[in-house]
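Close look at the chain arrangement
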2 protein chains.
Amino acid sequence: MTDHDLQSLPEWTKLAGEAGRMKLAENHLKNLIRQGNRLKAFSLAGAGLFYDFSRQRLDRESVNALVRLAKAREIKARFERMMSGDHVNTTENRAALHTATRSFSDDPVMDGNADIMPAIRAIRDEIRKFSGEFHDGKIAGHDRKPFTDIVVIGIGGSYLGTEFVATALSHLADKGVRLHFLSNVDIDNFGAIAARVPAETTLWVVISKSYTTAETTANTVLALEFLKENGLDPKHHVVTVTSQGSPGDDPKNPVLKTFYMFDYIGGRYSVTSAVGGVPLSLYLGYDRFAEFLKGAEEMDIHARTAPEETNIPLMAALISVWNNNFLGYPALGLIPYASALAKLSAHVQQLSMESNGKSVTCDGKPVKIDCGTIIFGEPGTNAQHSFFQLAHQGRPFPIEFIGVLNPACDEYSIKSKGVTNHQELFANLMAQSQALATGKDDTNPAKFFSGNRPSSTLLLQDLSPKNIGRLLAFYEAKTVFEAFIWGINPFDQFGVELGKVMAGDIRREMAEKNKNPDYLFDNRDPIRKFYLEALFGGMDRR
Amino acid sequence: MTDHDLQSLPEWTKLAGEAGRMKLAENHLKNLIRQGNRLKAFSLAGAGLFYDFSRQRLDRESVNALVRLAKAREIKARFERMMSGDHVNTTENRAALHTATRSFSDDPVMDGNADIMPAIRAIRDEIRKFSGEFHDGKIAGHDRKPFTDIVVIGIGGSYLGTEFVATALSHLADKGVRLHFLSNVDIDNFGAIAARVPAETTLWVVISKSYTTAETTANTVLALEFLKENGLDPKHHVVTVTSQGSPGDDPKNPVLKTFYMFDYIGGRYSVTSAVGGVPLSLYLGYDRFAEFLKGAEEMDIHARTAPEETNIPLMAALISVWNNNFLGYPALGLIPYASALAKLSAHVQQLSMESNGKSVTCDGKPVKIDCGTIIFGEPGTNAQHSFFQLAHQGRPFPIEFIGVLNPACDEYSIKSKGVTNHQELFANLMAQSQALATGKDDTNPAKFFSGNRPSSTLLLQDLSPKNIGRLLAFYEAKTVFEAFIWGINPFDQFGVELGKVMAGDIRREMAEKNKNPDYLFDNRDPIRKFYLEALFGGMDRR
């Protein structure tokens, strides 16, 4: 089997036929969900999660056909190879061993001839020790005052996952530390942070694998200037998370502590490494970070060992392929009914769209099908009052709902319309998936709902660190399973390079103008020239 | 002309042919933008904005054909009727007069036989007076202490637009007042706010046209309980923005002040009414709110009077139809290169998807084309480090870039790589649209960029209240112009009703269980039964 021959597989052709069948009126979701055993037959429980796909447009035969595709593409074997250290990131000849960062097993994990587990365990120990001393006050700010604020400087994969987890677990943030993120290069962001944090008790955590990311460099330069203005030393106020030997690991520029990142962990898969570990342990305590890791490990084991038929992330990936390639839905709404999960969609948006927005298969041929899904979302019920009009009566898109049985915060005993706030929230979660599936006839055409709009629902018991770890690893596994079906490499991101190169050209012209105000933009490209002149001279220069 | 016959118009058929022509290799964007006068020929300046559509996949002939479609659909005449008070919201037999809320003209605006302008001017005066007394300390909290915090309770259209404007103008928030939004019914949200605000100096602003929105009611009940617990009186701590005679305008439950909303202004178009006016004037001062209104008015006048060929929101709407219906793009990325505009995409997501996610034309026939675009976005450069991989090498989607020439915050003089942070940001904005359009050949297939990916760029001189008003009104006008082409009603939202009805059924079952713990869920729908049992008994109940 080769990666690019997906469409010639009999299992693929079979699915096209299945999709045709599911488009028949008799297979409208309102009919499918009327079957008494529908939920039991189309839901899975495992690794602490409950995954309900009873409101997806499929039946037993379509699921069986999807599972046969998974087997034909050997996606479980690929997952096993990924976890075992094979260089599955072929274009960069690297392993993809994010799963090792949350392994608590004694087994070795080999990258080439080297067991990487000792280094991973050592870094975990360093994080435990450092965060312990931070919370004990042994590591402290100016005049030995305890640190009150942490600013994480990082962008993309050095930021989004950590922000998701920190927001989800903020109800456990009892260490007296405020956490801030500085990602964008926009000067307004630095200005807002600098105005807000007390310089003497703020720790800056700079996260960048290469330590050359333009945005992170620019913000770090400003942070160092800010420290200098306040008479403070980076040796006491800056921590770096970076590759060994990078400019962030330079003895000539000493910092309080440097934690290492490894080339076998990609940014968007790095939350369970030191990238997430350092800020999350400082914010929540190491023990909670460790619980979070254990939840992720549990999901990894499930993804690795559960058979195709009962494997939750694998089934979710198959449904994604089904909706993308056979039912023709280009997008997915990710709607958690929990404000604590407000940053989940931004994280999964990166994880999925950066991993699977590819145009080339692993064997170097053009991808011939649509791959990569547009992911977007807001928490419910907010989303209902925003874009759900389109979900119900406009261009349809599948939705992944996420429900949490217990709220993170104590409920007020007071009720509105006989229910608590959390119950009101949950009632809406239940109602939306049903309304989308069944629709409603009406003689008034403006009040007619066609229904047959698919959704899944993922249930968590509560917002514990373990459940957030499970949820994180679920989306990671789902994403790589999708890629393994499509035959693409979910671990590289060459698509971001061209813009960087062009920005570099433009930056050089701007720097020239900064040095020499008489410099004239005589770029051969009149569009570029116009924008440069507008930036330096205003819009009326046109 | 009727609304549903769009596809039989010769202007529509002509555009299908145009699209075929634009798909030829010779019309790849890298070729189109090489023409020396490309920018001049495919950009517009007006109402303080610069709109560059030179990187859209069109040429003079396609633009001419689009303009002919606009004329055939008489969309300028429809806009005129909207602004003149015709009941363009046909399903609800209402006018749509959001433009009147920012009119400073002396001309009357008639809804039926009544000039609505006196009432609009009276409310503006009330807002000016109230916010003036609030800032002077004449209106104050407990023990006459000045108010320090405002909590806006509202959801959807009572929230998203105001949040966008408040965030965009937060650099001008010099009144010593913190602004919080409480929208979702999630108990965690109320808990977080209650823990953060000082009860005695907090003013609660409850915004709901009907004053029966479930989420707003539930949060208001908790806010009133919070006041009671703190020995405070709603007469001094609660303001309502609601319809005359609603439960929020009830003399039996006196509040500090009630501002009226009118039925001719829909939620998602209400930012320039008291809905945005009250919180924004308290947060920023009335004068800035008035400047914001003047910017919106300027854009309204431009949209009403500029010919089709030079009308910015009209051209943007035509390009949206072109990309949706002729080039087959289902989604739009909205990417402002300004963190202050971080909430723009959430606002436009609601405005556009709720307005135009419709399945029925104004004359009651099913819509036969895809209408309504999936809108999503994050600020640049964050978006580059998140989902731009897919934009460059995966499933293509058009992008609307927004650039701001002057940053809101003073720049540090210190530079990184020879440029300031703001210049770095702007260099990236310039680079992305170019990279998407041109692409890049490469012998390594993983580094090949197909290009030909369309984008527009909207430029603002700065983040002044006036420019934010212009931007807001641009998106409102663009949205209704799209609807007028598609022949749908952008002012109703019946699609949100079915879920509300079903949530009501479920709520009643929950309330029953709250009253009687022995109550058994014996719902005929086993899916609903499972979820209710899980909520009350845990996941293992399955």
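Residues numbered from 1 in each chain as written. Chains lettered and ligands numbered in written order. Predicted model: local features only at pLDDT ≥ 70, side-chain atom pairs only at ≥ 80, totals over all residues.

In terms of helices and strands, chain A carries 19 helices and 13 strands. For 542 residues, the compact-globule estimate of 2.2 N^0.38 gives 24 Å, and chain A sits close to it at 25 Å. When the backbone C-alpha atoms are referred to their principal axes, chain A occupies close to 75 × 60 × 60 Å. (Helix = DSSP H or I, 4+ residues; strand = E, 2+ residues; numbered from the N terminus. Rg over C-alpha atoms; globule rule 2.2 N^0.38 Å.)

Here we come to the relation of the copies chain B and chain A. When chain B is fitted to chain A, the residual RMSD is 0.0 Å, and the transformation amounts to a turn of 180° plus an axial shift of 0.0 Å. These values place the two chain copies in the arrangement generated by a two-fold rotation axis. The rotation axis passes nearest to the C-alpha of B:Phe376 in chain B, at a distance of 3.2 Å. (Least-squares fit on C-alpha atoms with pLDDT ≥ 70 in both.)

Attention now goes to the sheet that holds strand β7 (residues 202–207) of chain B. Residue and element names in this part refer to chain B. Within the open sheet, the five strands sit side by side as β6-β5-β7-β8-β9. Their pairing is parallel. The sheet is open, and its two borders are formed by β6 (178–182) and β9 (257–261), each paired with just one other strand. In this sheet, neighbouring strand axes are inclined to one another by 20° on average, regardless of whether the strands run parallel or antiparallel. Packing against the sheet, helix α9 (residues 214–229) makes contact with β5 (149–153), β6 and β7, and its axis sits at approximately 145° to β5. Across the sheet, helix α11 (residues 274–284) is in contact with β5, β6, β7, β8 (238–243) and β9; its angle to β9 comes to roughly 140°. (Pairing = 2+ DSSP bridges. Axes fitted to C-alpha atoms, helices over the stretch in contact; angles between N-to-C directions. Contact = placed C-beta atoms within 7 Å.)

On to the domain arrangement of chain A. Domain assignment breaks chain A into domain 1 (3–94 + 296–432 + 450–492), domain 2 (98–290) and domain 3 (495–541). Here the C-alpha centre of domain 3 of chain A lies 34 Å away from the C-alpha centre of domain 2 of chain A. (Domains from an automatic or database assignment.)

So, about the confidence of the model for chain A. For any part of a model where pLDDT is low, the fine detail of the predicted coordinates should not be relied upon. Per-residue pLDDT for chain A averages 96, and the proportion of residues at 70 or more is 99%. Scored by ipTM, the complex comes to 0.96, with pTM at 0.97. (pLDDT = per-residue confidence, 0-100.)

With that out of the way, let us pick up the environment of B:Met110. Residue and element names in this part refer to chain B. Among the structural elements, Met-110 can be located in strand β3 (residues 110–111). The partly exposed category is assigned to Met-110, around which 16 C-beta atoms lie within 10 Å. Spatially, the C-alpha atoms of Met-110 and Ser-464 are 31 Å apart, while their sequence positions differ by 354 residues. Among all residues touching Met-110, those that are not within four sequence positions of it are Gly-85 and Asp-115. (Buried ≥ 20, exposed ≤ 12 C-beta atoms within 10 Å, placed from the backbone.)

Take the environment of B:Phe134 next. Residue and element names in this part refer to chain B. Looking at the secondary structure, you find Phe-134 in helix α6 (residues 117–136). Exposure remark for Phe-134: the 25 C-beta atoms within 10 Å place this residue in the buried category. When residues no more than four places from it in sequence are discounted, the contact partners of Phe-134 are Ile-139, Phe-147 and Leu-282.

With that settled, consider unusual backbone geometry. In this model, A:Gly380 is joined to A:Thr381 through a cis peptide bond whose omega is 5°. With respect to the helices and strands, A:Thr381 occurs in the loop between β11 (374–376) and α15 (388–393). In the Ramachandran plot, A:Asn93 falls in the positive-phi region, its phi being about 45° despite a non-glycine side chain. For A:Asn93, the position within the fold is in the loop between α5 (75–83) and β3 (110–111). Residue A:Asn93 is classed as exposed on the basis of its C-beta count, with 8 C-beta atoms lying within 10 Å. Even without being a glycine, B:Lys417 presents a positive backbone phi close to 55°. Mapped onto the elements of the fold, B:Lys417 is located in the loop between β12 (399–404) and α16 (421–438).

It is worth spelling out helix α7 (residues 160–168) of chain A at this point. Residues and elements named next belong to chain A. Burial within α7 is extensive, with eight of its nine residues counted as buried. If you check which residues of α7 are buried, you get Leu-160, Gly-161, Thr-162, Glu-163, Phe-164, Val-165, Ala-166 and Ala-168. Elements in contact with the buried residues of α7: β5 (149–153), β6 (178–182), α11 (274–284), α12 (286–305), α14 (344–356) and α17 (465–486).

On the chain A side, the residues contacting the 122 residues of chain B number 122 residues. For the side of chain B that touches chain A, the element with the highest residue contribution is α16(B), accounting for 13 residues. By residue class, the composition of the side of chain B that touches chain A is 60 nonpolar, 42 polar and 20 charged. (Nonpolar A, V, L, I, M, F, W, Y, C, P; charged D, E, K, R; others polar.)

Attention now moves to the sheet that holds β5(A). Residues and elements named next belong to chain A. Here we have five strands laid out as an open sheet, ordered β6-β5-β7-β8-β9, and parallel in their pairing. Two strands in the sheet have a free side with no partner beyond their single neighbour: β6 and β9 (257–261). Across the sheet, the mean angle separating the axes of adjacent strands is 20° when strand polarity is ignored. Its contacts with the sheet place α11 against β5, β6, β7 (202–207), β8 (238–243) and β9, and it is angled at close to 140° to β9.

Turning our attention to the environment of A:Leu222. Mapped onto the elements, A:Leu222 comes out in helix α9 (residues 214–229). Assessed through the 25 C-beta atoms surrounding it within 10 Å, A:Leu222 is described here as buried. Taking the C-alpha atoms as reference, A:Leu222 lies 7.8 Å from A:Phe190; in sequence the two are 32 residues apart. Once you skip the residues sitting within four places of it in the chain, A:Leu222 turns out to touch A:Phe190, B:Tyr412 and B:Ile414.

Here we take up the pairing of strand β13 (residues 455–460) of chain B. A regular strand places its side chains on the two faces of the sheet in alternate fashion. All names here are of chain B. By the criterion of burial, β13 is predominantly enclosed, with six of the six residues buried. Residues Ser-455, Thr-457 and Leu-459 of β13 are buried on one face, and the alternating residues Ser-456, Leu-458 and Leu-460, pointing to the opposite face, are buried as well. Judged from the six bridges that link them, β12 and β13 form a sheet pairing that is parallel. Paired with Val-404 across the strands is Leu-460, a residue of β13. Considered for its hand, the β-α-β crossover made up of β12, α16 and β13 is right-handed. (Right-handed = clockwise from strand over helix to strand, strands pointing away.)

Attention now moves to the packing of helix α1 (residues 10–22) of chain B against helix α4 (residues 60–72) of chain B. Residues and elements named next belong to chain B. It is the contact of α1 with α4, at a shortest axis distance of 9 Å, that shows an interaxial angle of 160°. Classified by the interaxial angle, the pair formed by α1 and α4 is roughly antiparallel. Note on packing geometry: the crossing formed by α1 with α4 is left-handed. Seen from α1, the contacting residues are Glu-11, Trp-12, Lys-14, Leu-15, Glu-18 and Met-22; seen from α4, they are Glu-61, Ser-62, Ala-65, Leu-66, Arg-68, Leu-69 and Ala-72. In terms of residue class, the contact of α1 with α4 is built from seven nonpolar, one polar and five charged. (Parallel < 35°, antiparallel > 145°, perpendicular 65-115°, else oblique. Left-handed = near helix turned anticlockwise from the far one by under 90°.)

Moving on, we get to the pairing of β6(B). Residue and element names in this part refer to chain B. Summarising the sheet, β5 and β6 pair through five bridges and their orientation is parallel. Note on β6: the bridge partner recorded for Val-152 is Phe-181. The handedness of the β5 to β6 crossover, carried by helix α7 (residues 160–168), is right-handed.

When two helices pack together, their arrangement is captured by the angle between the axes and the distance separating the axes. Residues and elements named next belong to chain A. Where α11 meets α12, the axes come as close as 7 Å, and the angle between the chain directions of the two elements is 130°. Here α12 runs oblique to α11, going by the angle between their axes. For the pair α11 and α12, contact is made by Gly-277, Leu-280, Ser-281 and Leu-284 and by Tyr-286, Arg-288 and Phe-289, respectively. Among the residues making up the contact of α11 with α12, the classes are represented as four nonpolar, two polar and one charged.

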